[in-house]
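Fold and geometry: a report
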Amino acid sequence: MPTEDAADEVPWLSRDQQEHWIALIGVISTLPPALDAQLKRDAGLNMYEYQVLVQLGDSPQGTVPMSDLAMLASGSLSRLSHAVGRLERAGYVRRVVCREPGRRTAAVLTEAGRAKLEQTAPGHVREVRRLVIDALTPEQLAALGGAARRVLEVTAPDIAARLHL
């Protein structure tokens, strides 16, 4: 149990900081499920599966080693393996053996996967616009993006560096 002296050393949040923090927690709690619901309803994908397809689609050959893909899609190898399994069963992705040293398996976007991504992206972009982009002024969006990049640099510098943020 902390002592009274230790409690006095806590840099408590100001009223304004508390309000900003509570608003951020609200966004973190509500935005992902809202985006997930749209993707499930319109495309039969969850947000993580969509991110996997996006990362593969952004790759020059549509191929990414599984360990890299897990990092890019912000998930564990176990979560990625389950998602890739679902995407494989749907015909959107296949796994191949990597030829690079130290790497065992890569995920490859199939033609059906590329078509699914192209079919799904417009609805997802419309929802992103509705929920975030169009709800903010350009100045607010720039401030949000800058703040998000800074937090990502602190919480996940490897991801921030990989995404060139």
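Quick look at the structure, then. Sequence positions are assigned chain by chain, starting from 1 and proceeding in written order. This being a predicted model, a pLDDT of at least 70 is required before a residue's local features are given, and a value of 80 or more before pairs of side-chain atoms are given or counted; all residues contribute to the totals for chains, interfaces and linings. To get the side-chain values, all heavy atoms of the structure are used, and hydrogens and water are removed first.

Some words on the sheet that holds strand β2 (residues 93–97)
- Judged by pairing direction, the sheet is antiparallel, and its 3 strands sit side by side in the order β1-β3-β2 without closing on themselves. This sheet does not close on itself; its edge strands, each paired only once, are β1 (63–65) and β2. Recorded for the sheet is a direction-independent mean angle of 30° between the axes of neighbouring strands.
- Whether two strands pair comes down to DSSP finding at least two bridges between them. Numbering of helices and strands runs from the N terminus, with a helix taken as a DSSP run of H or I at least four residues long and a strand as a DSSP run of E at least two residues long. Pairing of β1 with strand β3 (residues 105–109), which is carried by 3 bridges, proceeds in the antiparallel orientation. The residue of β3 that forms the bridge with Thr63 is Val108.
- Lying over the sheet, helix α3 (residues 47–58) contacts β1, β2 and β3, oriented at roughly 85° with respect to β3. Angles here are taken between N-to-C directions and fall from 0 to 180 degrees, while the axes themselves are lines fitted to C-alpha atoms, restricted in helices to the stretch in contact. Whether two residues are in contact is decided by their heavy atoms: any pair within 4.5 Å suffices.

A closer look at the side chain of Gln38
- Mapped onto the secondary structure, Gln38 falls in helix α2 (residues 15–43).
- Gln38 has contacts with Ala43, Gly123, His124 and Glu127, leaving out every residue within four places of it along the chain.

Points about the nonpolar core
- Residues belong to a common nonpolar core when they are buried Ala, Val, Leu, Ile, Met, Phe, Trp, Tyr or Cys residues joined through side-chain atoms within 4.5 Å. Burial classification: accessible surface area is computed with a 1.4 Å probe over protein chains only, and a residue below 20% of its type maximum counts as buried, one above 50% as exposed, and the rest as partly exposed. Counting residues in hydrophobic clusters, the biggest one holds 24 residues, and the most contacted among them are Val52, Leu53, Leu56, Leu80 and Val93.
- For this core, the secondary-structure elements that each account for two or more residues are α2, α3, α4 (66–72), α5 (77–89) and β3.
- Among the elements that make up this core, the one with the highest residue count is α3 (6 residues).
- When residues no more than four places from it in sequence are discounted, the contact partners of Leu56 are Gly62, Thr63, Val64, Leu69, Val93, Ala107, Val108 and Leu109.

Thoughts on the packing of α3 against α5
- Put simply, α3 and α5 touch, their axes get as near as 10 Å, and they point 80° apart. Here α3 is positioned roughly perpendicular relative to α5, judged by the angle of their axes. Only Arg79, Leu80, Ala83, Val84, Arg86 and Leu87 of α5 make contact with α3, whose side of the interface consists of Tyr48, Glu49, Val52 and Leu53.
- Residue polarity is assigned by list, with Asp, Glu, Lys and Arg as charged and Ala, Val, Leu, Ile, Met, Phe, Trp, Tyr, Cys and Pro as nonpolar; anything else, Gly included, falls into the polar class. Tallied by class, the residues present in the contact of α3 with α5 amount to 7 nonpolar, no polar and 3 charged. Just so you know how the angles are binned, under 35 degrees is roughly parallel, over 145 roughly antiparallel, 65 to 115 roughly perpendicular, and the rest oblique.

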